[in-house]
Amino acid sequence: MKLLIDFGNTRVKVAASTSSGPELLYCGPADLDDVLQAVHACSPAGGIWCSVRPVSRQFEDWMLSLGMKRLSCATPIPLKVDYATPDTLGTDRLAAAVGAWSLKPGNDLLVIDAGTAITADMVRADGTFAGGNIGPGIEMRLRSLHEHTGSLPLVDRHGECPEFGFDTETAIRSGVLRGVRLEIEALVESTRREHGSLLVFLTGGDADCFDLKGKSGIFAVRNLVLQGLDCIEKYNENQDK
């Protein structure tokens, strides 16, 4: 069984590659002992991982011992990458784009990943990764308001979120959450004006904070990066045959 591992900024996700797609085995802190316990019954061998941050030497040695490979700009993928600095392109962004393409190939796609950072990447209908945007996520915005001002408190994102805040806490929460939602909605609307048949994929730990799911042409896929890693692993398997 081959493993798929996505190291995010706050947690790691581990899945098994199956004939029907990735099967999530673990989601939590990057603790090797916890991961080993989650996969010990699967007899893993091979697979692929991506990371947005340094991985411990112990963790990396274990993955290499299984024959796993790290996703990089040199890894063959089923998309053309039109990016001026491919070596600086986050492999999580690339994997999410491949994941979206594997689900809806032949369409213009906007892939929004709402996590520690909020990324929005464009895949053209001809299968070209055309680049995207990176902005601060919800927690980063809340923490920034607290750390870069003299008196604003650190606010939990969970709680009342009125149209206009009735105290400092709700004013901050509404300003951040509603601001991010309106930002994403505006991006979707403006991109659709240029690409009328655009499909939108929404993923990431904070995706549930936005009331976009269920709208026409918008798909919520929680583990889109793992979906992309699975597609890339199988794509390379077929290339080697």
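If you're wondering where the values come from, they're calculated on a predicted model, not measured in any experiment. (Residues numbered from 1 in each chain as written. Predicted model: local features only at pLDDT ≥ 70, side-chain atom pairs only at ≥ 80, totals over all residues. Heavy atoms only, no water.)

Q: How should the overall build of the chain be read in this particular structure?
A: Across its full length, the chain carries six helices and eleven strands. The globule rule puts the C-alpha radius of gyration for 241 residues at 18 Å, and the 19 Å found for the chain is close to it. Along the first, second and third principal axes, the C-alpha atoms of the chain reach 60 × 45 × 35 Å. Every one of the 241 residues in the chain was classed for burial, and the buried ones make up 43%. Contacts in the chain between residues far apart in sequence, at least 24 positions, make up 51% of those at least 6 positions apart. Roughly 12,000 Å² of accessible area belongs to the chain as shown, and the carbon and sulfur atoms make up 49% of that amount. Taking the average place of the 24 positive charges on the side chains of the chain and the average place of its 32 negative ones, the gap between the two points comes to 3 Å. (Helix = DSSP H or I, 4+ residues; strand = E, 2+ residues; numbered from the N terminus. Rg over C-alpha atoms; globule rule 2.2 N^0.38 Å. Buried < 20%, exposed > 50% of the residue type's maximum accessible area, 1.4 Å probe, protein only. Contact = heavy atoms within 4.5 Å. Areas by Shrake-Rupley, 256 points an atom, 1.4 Å probe, with all protein chains shown as cover. Lys, Arg positive; Asp, Glu negative; His and termini not counted. Charge placed at Lys NZ, Arg CZ, Asp CG, Glu CD.)

Q: What should I look at first to understand the sheet that holds strand β3 (residues 21-28) in this one?
A: Paired through their backbone hydrogen bonds, the strands of a sheet run either parallel or antiparallel. Taking strand neighbours across the sheet as the criterion, the five strands line up as β3-β2-β1-β4-β5 in an open arrangement whose pairing is mixed. For this open sheet the edge positions go to β3 and β5 (68-70), each flanked by a neighbour on one side alone. Strand-to-strand, the axes of this sheet are offset by a mean angle of 20°, without reference to chain direction. The pairing of strand β2 (residues 12-18) with β3 spans seven bridges and is antiparallel. Bridging from a neighbouring strand, serine 17 pairs with proline 22 of β3. Of the strands in this sheet, β1 (3-7), β4 (47-51) and β5 are in contact with helix α2 (residues 57-65), which crosses β1 at around 160°. (Pairing = 2+ DSSP bridges. Axes fitted to C-alpha atoms, helices over the stretch in contact; angles between N-to-C directions.)

Q: Looking at this structure, I do not really get helix α5 (residues 168-194). What am I missing?
A: Think of an α-helix as 3.6 residues a turn; residues three or four steps apart then line up on the same face. With 27 residues, α5 ought to run about 39 Å at 1.5 Å a step, and its terminal C-alpha atoms sit 39 Å apart, in line with that. Among the residues making up α5, those that are buried are Thr170, Ile172, Arg173, Ser174, Val176, Leu177, Val180, Ile184, Val188 and Thr191. Its buried side turned inward, α5 meets β7 (109-114), β8 (117-123), α4 (138-147) and β10 (199-203). (Expected span 1.5 Å × (residues − 1).)

Q: Is there a simple way to think about the side chain of aspartate 206 in this case?
A: By the secondary structure assignment, aspartate 206 is in the loop between β10 and β11 (218-220). Relative accessible area serves as the criterion here: at 7%, aspartate 206 is assigned to the buried category.

Q: What's the story with α4 in this structure? I'm lost.
A: Residues of α4 that are buried: Ile138, Arg141 and Leu142. Down the axis of α4, the smallest arc covering the buried residues is 95°, so these residues share one side. Packed against the buried residues of α4 are β8, β9 (128-136) and α5. (Arc of directions from axis to C-beta.)

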